[in-house]
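Structural features, examined
Take a look at the letters that make up each chain.
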Amino acid sequence: MSRFSNLGHRLYQGEVSFDFVGRRKLWYSISGVIVLVAAIGLAMGLKLGIEFKGGSVYTVAKPGLSISQAQDAVDKIVHSHPLVQSVDGGEKIRIQISSEEQVSSSVFTDKLSKEIGVPVAEIDTQVIGPSWGEQISHKALTGLIIFMILVTIYLAIAFEWRMAVAALVALIHDLLITIGVYALVGFEVTPGTVIGFLTILGYSLYDTVVVFDTVKENTKGLTKQNKITYSEAANAGLNQTLVRSLNTTVVALLPVAALLFIGGGILGAGTLNDISLALFIGLAAGAYSSICVATPLLAQLKEEQPEMKALAKRVAQRRAADAKAAAEGGSGETPQGEEFADEDLPAGMVGQRGRAAGTSRAKGRPSNKR
């Protein structure tokens, strides 16, 4: 842990730097492949829960009745292999029958009563219409649209519209991946899943806003100097917050992983999978997108501005002049009056000058200390 903490300090000081922004084509390619696979999964269709397509839910309380026994009994009545789950700590068995099954609830209850040896009166029956799921979907979609509008307005005011665009692209990226994974693994989409989808929006934006705040601080007054470009300043800000983002994501993923793999996988609490899978995939995708999608995209948008193009040109000219002077002098020294003073750098970039600009003070240059 001490090494990891030391890495975070070195990243913040600019002693170590990973070029995420410079490798944006690589990240775009990786994201493109992942989103394409997710799109293929969506094209195959989502497995909607009974709440969305309608059906019947039967709850049976019989001591000693196992899930396999209930499943065998149900399979003799219907042929779609309906969902059979254990609820209330294993004391009850819940059976979900889709409305696509051409069997009435009274007929199913009578046959189930005979198969498992339970009186009809002790089988709780609940019929769910598809209109309820449609209402949930409509409200969730409305909430999502309102959320994105409010986030766009906030980011445009607090930062700028380019940051809002980059954040929204990363957000849509995360949603597509999460929904695509649901389609590929065949998990049922339930109201709990919808809650999970809406929850990851906040997690996804959190990391992105933290990085953007540091980038904004690093790029204040950037056009007044000619030592670093916007992409280099943005990459430095990303490295400064890298360890924080990773720590936050790991801490958030641990309890979600426990719900998904231990609660849902080992202990068989299938209802936990509804929300835990969405959270697990969404948190992981959100951490990736804030680092490898949002910030590189922001830098790309900013570099298209005329003033940033002019800055990049000045930086390139200065570095070419410095390289030429060093080659002619043979000592690699920076020409007189061209020292990289901390006060010349944008706010937040003090301590980053050697790494960001790709230069350092020449070795062997005499200092003023005696």
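Numbering of residues begins from 1 in every chain and follows the order in which that chain's sequence is written. Side-chain atom pairs in this predicted model are given and counted only at pLDDT of 80 or more, local residue features only at pLDDT of at least 70, and totals for whole chains, interfaces and linings cover all residues. Note that water and hydrogens are dropped before the side-chain values are worked out from all heavy atoms of the structure.

Examining the packing of aromatic side chains
Here a pair means two rings of Phe, Tyr or Trp (six-membered ring of Trp) with centres within 6.5 Å. Their orientation is stacked below 30 degrees between planes, edge-to-face above 60, and tilted elsewhere. Enumeration over the complete set of coordinates arrives at four aromatic pairs. Geometrically, the ring pair formed by Phe20 and Trp27 is tilted, given 6.1 Å between the ring centres and 35° between the ring planes. With respect to burial, Phe20 and Trp27 carry one shared label: buried. Ring geometry for Tyr182 versus Phe197: centroids 5.5 Å apart, planes at 80°, classification edge-to-face. Burial classes: relative accessible area under 20% of the type maximum marks a residue as buried, over 50% as exposed, and values in between as partly exposed (1.4 Å probe, protein chains only).

Here's the deal with the environment of Ser137
Relative to the helices and strands, Ser137 is located in helix α6 (residues 130–158). Expressed as a C-alpha distance, the spacing of Ser137 and Phe52, which sit 85 residues apart in the sequence, is 8.2 Å. Numbering of helices and strands runs from the N terminus, with a helix taken as a DSSP run of H or I at least four residues long and a strand as a DSSP run of E at least two residues long.

Section: the side chain of Ser290
In this structure, Ser290 sits in helix α11 (residues 273–303). Think of a polar contact as two N or O atoms within 3.5 Å of one another; within protein, one of them needs to be a possible hydrogen donor and the other a possible acceptor, and neighboring residues in sequence only count if both atoms come from side chains. Here the side chain of Ser290 touches Ala287 through a polar contact of 3.0 Å, landing on its backbone oxygen. Throughout, a contact is declared for two residues whenever any of their heavy atoms are within 4.5 Å. Not counting residues up to four positions away in its chain, the partners in contact with Ser290 are Asp207, Thr208, Leu238 and Thr295.

Observations concerning the packing of helix α8 (residues 191–218) against α11
To get an axis, fit a line to the C-alpha atoms, keeping to the stretch in contact for a helix; angles then go from 0 to 180 degrees between the N-to-C directions. Taken N-terminus to C-terminus, the directions of α8 and α11 make an angle of 25°; their axes are 8 Å apart at the nearest point. When the interaxial angle is binned, α8 and α11 end up roughly parallel. Taken as a pair, α8 and α11 cross one another with a handedness that is right-handed. Only Asp, Glu, Lys and Arg are considered charged in this grouping, and only Ala, Val, Leu, Ile, Met, Phe, Trp, Tyr, Cys and Pro are considered nonpolar; every other residue, Gly among them, is considered polar. Tallied by class, the residues present in the contact of α8 with α11 amount to 14 nonpolar, 11 polar and two charged. Each angle gets one of four labels, with under 35 degrees taken as roughly parallel, over 145 as roughly antiparallel, 65 to 115 as roughly perpendicular, and the rest as oblique. Crossing handedness: left-handed means the near helix sits turned counterclockwise from the far one by under a right angle, and right-handed means the same turn made clockwise.

So, the confidence of the model for the chain
Of all residues in the chain, 80% attain a pLDDT of 70 or more, and the chain-wide mean is 79. Looking at any residue, its pLDDT shows the predictor's confidence there, from 0 to 100. The element-level mean pLDDT for the chain is lowest in helix α13 (residues 353–357), coming to 46, with helix α2 (residues 24–44) highest at 91. Scored below 50 in pLDDT, residues 332–341 shows 23 contacts in the model against residues more than four places distant or in partner chains. Note that residues 353–370 has pLDDT below 50 and, in this model, 27 contacts with residues that lie over four places away or in other chains.

Side note on the pattern of salt bridges
A side-chain nitrogen of Lys or Arg and a carboxyl oxygen of Asp or Glu constitute a salt bridge if their distance falls within 4 Å. Taken as a whole and judged by the stated rule, the model has seven salt bridges. Linking Glu115 and Lys76 is a salt bridge whose minimum nitrogen-to-oxygen distance equals 3.8 Å. Separated by 39 residues along the polypeptide, Glu115 in helix α5 (residues 105–116) and Lys76 in the loop between α4 (67–75) and β3 (83–87) bring together distant segments of the chain. For Glu115, a relative accessible area of 39% translates into the label partly exposed. Judged by relative accessible area, which is 60%, Lys76 ranks as exposed. Across the salt bridge formed by Glu232 and Arg319, the nearest N and O atoms sit 2.8 Å from each other. Linking Glu232 in helix α9 (residues 230–240) with Arg319 in helix α12 (residues 306–329), this pair joins segments that are 87 residues apart in sequence. Connected through shared salt-bridge partners, Glu160, Arg162 and Lys302 make up one network.

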